[in-house]
Each structure stands twice: as C-alpha cells, then as structure tokens.
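Structural overview for review
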Amino acid sequence: MKLGSKPDTFQTDGNNVRYVASELASDIIVCIGDVKFYLHKFPLLSKSAHLQKLISLSNDGNMDEVQISDIPGGTSAFEICAKFCYGMTVTLNAYNVIAARCAAEYLGMNENIEKGNLIYKIDVFLSSSIFRSWKDSIILLQTSKSMLPVAEDLKVVSHCIESIANKACVDVSKVDWSYTYNRKKLPEENGIDSNHSEVRTRMVPKDWWVEDLCELEVDLYKSVITTIKTKAVHSNEVIGEALKSYAYRRLPNFSKSMIQTGGMSKHRVIVETIVWLLPAEKGSVSCRFLLKLLKAAIFVDSGERTREELIRRIGQQLEEASVTDILIPAPDGETKSHDVVIVQKIVREFLKKDDNSEIESVEDGEVEGVRKPGILSDASKLMVAKLIDGYLAEIAKDPKLPLSDFTDLAELVSGISRPAHDGLYKAIDTYLKEHPGISKGDRKRICKLMDCKKLSVDACLHAVQNERLPLRVVVQVLYFEQVRTATSGTSTPDIPKGIKDSNSGSNGSSRSGATNPEYYVDAVATSEELKALRKELASLRLSNGVGGSFKDGDVKPSADKAVIGKMKGLLKSKKSFLKLWANKGGQGENSGSDSSESIGSANPEEAKSTPSRNRRHSVS
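Residues numbered from 1 in each chain as written. Predicted model: local features only at pLDDT ≥ 70, side-chain atom pairs only at ≥ 80, totals over all residues. Heavy atoms only, no water.

Going by the annotation in an unreviewed UniProt entry, the name recorded for the protein is BTB/POZ domain-containing protein NPY2, with Crotalaria pallida given as the source organism. The protein has a UniProt comment under Pathway (unreviewed entry) that states "Protein modification; protein ubiquitination." Its UniProt record, at the heading Sequence similarities (unreviewed entry), says of the protein: "Belongs to the NPH3 family." (UniProt positions renumbered as here; feature names shortened; annotations may be inferred.)

Dropping the structure here:
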C-alpha cells in the first residue's frame, strides 16, 4: 500500500542524522535513540498528539529538541510516520506495517487529531489486504514478535491469529494452492512425467498449511494451533502431522533423536509446547514420533510432567514401536548404556490397559461396577512381548547392564503368552555371553525366564550344545525335545494331554507324576554321558548337513528332521541321563552344577566335531 504523493526528500548526513531537504530551516529536533531528525513543527504537530504534548513541555526557545527513547519499531518506524506527516510517498507491506501501526499509536496519530490519519489508513490496509492473504498474515505475525506487548494490546496479533486459523480451516476445494509441497514430493518433482492438467486438478491435501506455520516462533505457533483446534475442523491426525512437521523443522537433528546443545532452554520450550498441543486421542501421532519426543525431552531436561505424559501416551500404542525406537540412552553418570527403567515404565503403562474397570448401568436402573475384560488384543500383547524380547537381546550386549534390569523387564511381559521363546532365549544367551563372570545362582535365575517347551527345533539344537547354559536347563531342553518328537512333531508343542492329566493328579508336586523327567530313570547321569550325548548329536548334525542353524539366536525353521529322529533314539537309549533332576536334595543341585563345569573343562575332539561352536568356554 502506498501513502502520500510527494517525493521522498528525507536525506542522511552520516549514520546518526536525518533531515528534510527544504528551503525552510528546521525548527524541531526529534531524537530517537542516537539518531537525530531535523524536522519542522507544523507537519508533525498537525498529525501527532504526542508530539504536541512534548513540544508544549519544551522550553528550549526557537529550536525545540525532544527525546523519544521508547517508540515501538525504533528509527525506521518513526521515519515512516514522519514521511506520512509530510505527505511523502511511503510504502507499507507485511514486513513493516505492524511496526508503523504501533509507532502511530504511540505518537497519537488518530482521527481526533485529523481525519484520515495514519492509524485509520493502516487499519484499513490490514483488514482489506494483509488479513486476506495467507502468506502476508504469517509474515505479519512473525514480525509482531518484536512489537509485543503493544501489538497484542492493539488486537493486531489476535486478529492475525484468527485470520490464519480461519484460512487453515477453509474447505480445501476453495484453497488456491501452489503445489510446492516439500514433505511429500509430487511425481513431477521426482523427475517423473506428469500431465499438467492432472497437476491443476489434483486434490489439495488437508494439511497443506502445516509447512508454512513452521516459520512461526513457538509461542505464536502455540496460539495458532490452539485456535485451529478449537474450530474442530481438522482431524487429530492432521493436527498431529502439523506438530510433527514443526518438531522436525525447529529441533535440530530431531530425525536422528539428537538435539544440538546450543539453545537448550529454547528447545525445551519447543518440546514441552508440542507435548502440550498433542491431541488427546490415541493414534494422533505415531509411537515412533512420541519416542523421539521422549528422547528429546530427556536430552533438554524437560519437566517430570512432560516425561510422564509421553510415557503414558507411548504405553497406549507400544505395539507400534520397534527395538530401535525404544533404545533410550541412559542418563549421564550411569555406567550402563541404556535407560531400562524408563522402558519398564512404558511397559507398565501398556499393561495397565488390561486392568481397567468401568461403571455400567444395569437394566433395572441400578448402577454397579463391572470389571471389563482386558482391552488389549492378543495380537498387541504378542507384538509387545516380541518387542521386549528383541530389546533385551540388544541391551544384553552391554557388559555393564545389571542382571536385575534384564530380569525385571523380562518378568513384566512373562504373563503374555507367546508360541515361541526363541527371542527370549537369544537375549538370555547374549547376556550370558557378555557377562561370563556372573554367579551360578544368577545364571539359573535368568534361565528361569525361559520356557524350554517353547523353543523351536533350531533353538533346541543350539541350546543342547550351549555350554553357557546351566546343566539343568540343557536337561530340560533335551527332555522336552524328546516329548515333542515322540508326539506331534510340531515346532513348539506343550506336553501331551495324557501326561498333563497324570501330572494334575500329583497334588501339585513338582516331583511326582509321569510328566517329570526325574521319574523316568533310575540313576544319576554322569558328566561323561552328557558329553557323549552332545558329541553324538554334533556328529549327527554334521552328517545330515545341519550346522549352525541357530547362530546367535537367529532361528531358521529348516532343521533336518532326521537329526531330531536320531536324537530321539539317543535320548531313549540314555534314559538314565534324565534322572539328573531326581536328585535335588543332597548332591542334586551341586552335582548338576559340578557336572556342568566338568563338561566344559575341554574336549578337543568334541570341539572339532562341531565347527559351529568356535572357541567355546564353560561358564555354567
């Protein structure tokens, strides 16, 4: 918008002097900070009530000098006002109009002094042009940051926010969009030919506005998004997309779950604002995004309330996460690599959903509490169990990880039924490999987390040769593998029904009943018998081309059934070996452990016969 018609005769003399080229001598000096304006009283006083007041208080004779140190917009804004007073041509735009409006308000350039004064003309320009333009409204809101709180008092900011929110919520069929969508490139932007008519008719996405709003500072952005949410036009997913876009734009290295150390307080405000703006409904944003926010919140040291809110939200949709997502670095000062405690909190939040109760109305009008069945689906629980198995396998590589962190987390999901425990076995084996110095008691404790009946064929083949496992666990694996091959031959069956029935009549005793391996045999197996069994099993694996199908927990369901059949025969011929469990009192516990150590004391021939087990050491 152009105001005035006279030529611009403002000139400068050095950096700190401004004057009007005129035949008339200046009769007033206006000092704006360090800059002096040599001007004339008549044009200024005819339009500015504030200057009239200042001149009336001046007693400097002919050359009046007034000091103005707090005018909004500073020197440039005052110069626009002064040029308007002289009738000189001045151009208003989205970048300078807010400063000019605040300066005009400060100088009292209203209708009471003169009709059609500067305030009136700027307000007309704002309502007729700026607030009708999407881009100009955003620019104006950005520039208002330096004009606060004056701009807020003049209602310019609130009008601008309302204008932006209204445009963001308009029907997409009425949006004139330029197709400069950066986040989801169009085919023609990727070098793929596209019909231009198709580009013109392509539907405008509902979140067309989110990128432009990322230019706003966080407090203004918060105000705009809050206003958009109150209009209840956009879905929670669109609001979530806007917040995601802002996080990636405003938090450096957010995509890598890292934030630069500079501007920590600024980034903390951004993280906390995004969390505060998140829609309440589950699924508004992805679990991966929430976990990135949690990592950012920890890094910038956000408040406890922010972290707890993120943990609660993540727990609601934990089944969507991957192992990489939940690898959260440990706090500074801790020796371990990962923060396992916070993952435990997330898992507890997930499991809470199965403990909810709600009040329902009964037909006769009475109200009573009714316990809901668990609202978690079996699929969700299974996905979380597998997620935690994978997470345990990853953190088990940390030599500094305490056993309690591992077992406490594993026990949280122990109640979730899953068809196979191969993932848990891999995690346990990894932990034993990386922590060779743990005690026999801890070795038994960690192995109790695993159900040997639910190991696949390949996992069993790996386990029976794994000298990191306690001897008692190897016996269990061998026994349940015999039961499996003797019955259904499936990958992970339970004990057959007939055996279960026999066991159920044993009055709860773990030692009586036909299911107990201890019951089948008459004598305690020696370590030499176990060594011989392992040696024959290794030879069978080689002769049948089965070698290392379960290396480091990588299960491949392709084990040779002939090996299992022969192993079954070996087990039948060595029933006395299974008696190892029968002797729990006296020498039972100790003899098992001792046997385990004697087995690992080295058998070069056995090592040669099993190339898939390189440089094994007994640590049972």
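So, the sheet that holds strand β2 (residues 10-12)
Sheet architecture is open: five strands sit in the order β2-β3-β5-β4-β6, paired in mixed fashion. The two strands at the open ends of the sheet, each matched to only one other strand, are β2 and β6 (64-68). Each strand of the sheet is rotated relative to its neighbour by a mean of 20°, with strand direction disregarded. Here β2 runs beside strand β3 (residues 17-20); their pairing, made up of three bridges, is antiparallel. Pairing of T12 across the sheet is with R18, part of β3. Contacting β4 (28-32) and β6, helix α2 (residues 49-56) runs over the sheet at an angle of about 125° to β6. The sheet contacts of helix α3 (residues 74-86) involve β2, β3, β4 and β5 (35-39), and relative to β5 the element is tilted by about 5°. (Pairing = 2+ DSSP bridges. Helix = DSSP H or I, 4+ residues; strand = E, 2+ residues; numbered from the N terminus. Axes fitted to C-alpha atoms, helices over the stretch in contact; angles between N-to-C directions. Contact = heavy atoms within 4.5 Å.)

Concerning the confidence of the model for the protein
With 69% of its residues at a pLDDT of at least 70, the protein reaches an overall mean of 77. Counted against residues more than four places away or in other chains, residues 181-192, with its pLDDT under 50, gives 19 contacts. Below pLDDT 50 for its whole length, residues 489-526 participates in 73 contacts with residues either more than four positions away or in separate chains. (pLDDT = per-residue confidence, 0-100.)

What about the pattern of salt bridges?
Inspection of every chain in the model, using the stated rule, returns 25 salt bridges. With a closest N to O distance of 2.8 Å, E211 and R249 form a salt bridge. Here E211, found in helix α10 (residues 210-213), pairs with R249, found in helix α12 (residues 236-250); they are 38 residues apart in sequence, far enough to count as distant. Under the relative-accessibility criterion, R249 is labelled partly exposed at 39%. In this structure, K381 and D378 form a salt bridge, with 4.0 Å as the shortest nitrogen-oxygen distance. Here the residue K381 and the residue D378 both occupy positions in helix α17 (residues 378-395), the gap between them amounting to three residues, near one helical turn. According to the relative accessible area criterion, D378 is exposed, its value standing at 61%. Look at the salt bridges and you will find they share partners, linking D8, R18, E79 and K83 into a network. (Salt bridge = Lys/Arg side-chain N within 4 Å of Asp/Glu carboxyl O. Buried < 20%, exposed > 50% of the residue type's maximum accessible area, 1.4 Å probe, protein only.)

Quick notes on the side chain of T407
Here T407 lies in helix α18 (residues 403-412). Only 3.0 Å separates the side chain of T407 from the side chain of R445, close enough to count as a polar contact. Ignoring any residue separated from it by four or fewer positions in sequence, one finds T407 in contact with R445, I446 and L449. (Polar contact = N/O pair within 3.5 Å; in protein donor to acceptor, adjacent residues only side chain to side chain.)

A look at the pairing of β4
Within β4, five of the five residues are buried, which leaves the element mostly enclosed by the surrounding structure. Neither face of β4 is open: one carries I28, V30 and I32, the other I29 and C31, and all of them are buried. As judged from the five bridges shared by β4 and β5, these two strands associate in the antiparallel manner. Along β5, the bridge assignment pairs I29 with Y38. With five bridges connecting them, β4 and β6 associate as parallel partners. Within β6, the residue paired with I28 across the bridge is D64.

Concerning helix α11 (residues 218-230)
Helix length check: α11, at 13 residues, gives a terminal C-alpha distance of 18 Å against a target of 18 Å (1.5 Å per residue), a fit within 8%. Residues of α11 that are buried include every one of V218, L220, Y221, V224, I225, T227 and I228, and no others. Packing partners of the buried residues in α11 comprise α6 (134-143), α8 (156-168), α10, α12 and α13 (264-277). Phi turns positive one or two residues past the end of α11, at A232, with a value near 55°. (Expected span 1.5 Å × (residues − 1).)

A word on the packing of aromatic side chains
Within this structure, the stated rule accounts for nine aromatic pairs. Judged by centre distance (6.2 Å) and plane angle (80°), the rings of F10 and Y86 are edge-to-face. In this pair, F10 sits in strand β2 while Y86 sits in helix α3, placing the two residues 76 residues apart along the sequence. You'll find F10 and Y86 in the same group, each marked buried. Plain terms: the ring middles of F406 and Y431 are 5.2 Å apart, the flat faces sit at 45° to each other, and that makes the pair tilted. Here Y431 lies in helix α19 (residues 422-434) and F406 lies in helix α18, a separation of 25 residues in the sequence. (Phe/Tyr/Trp six-rings, centres within 6.5 Å; stacked < 30°, edge-to-face > 60°.)

Examining unusual backbone geometry
Look at the link from L148 to P149: it is a cis peptide, with omega at 5°. The phi dihedral of A232 falls on the positive side, at around 55°, and the residue is not glycine. Structurally, A232 is set in the loop between α11 and α12. By relative accessible area, A232 is classed as exposed at 64%.

Focus: α18
Among all positions in α18, only L403, D405, F406, T407, L409 and A410 are buried. Each element contacted by the buried residues of α18 is listed here: α16 (340-352), α17, α19 and α20 (440-447).

Some remarks on the packing of α12 against α13
Relative orientation of the contacting elements α12 and α13 amounts to 175°, with a least axis distance of 10 Å. One element, α12, and the other, α13, form an angle in the roughly antiparallel class. Facing α12, whose interface residues are L243, Y246, A247 and R250, α13 presents H267, I270, I274 and L277. Taken together, the residues of the contact of α12 with α13 sort by class into six nonpolar, one polar and one charged. (Parallel < 35°, antiparallel > 145°, perpendicular 65-115°, else oblique. Nonpolar A, V, L, I, M, F, W, Y, C, P; charged D, E, K, R; others polar.)

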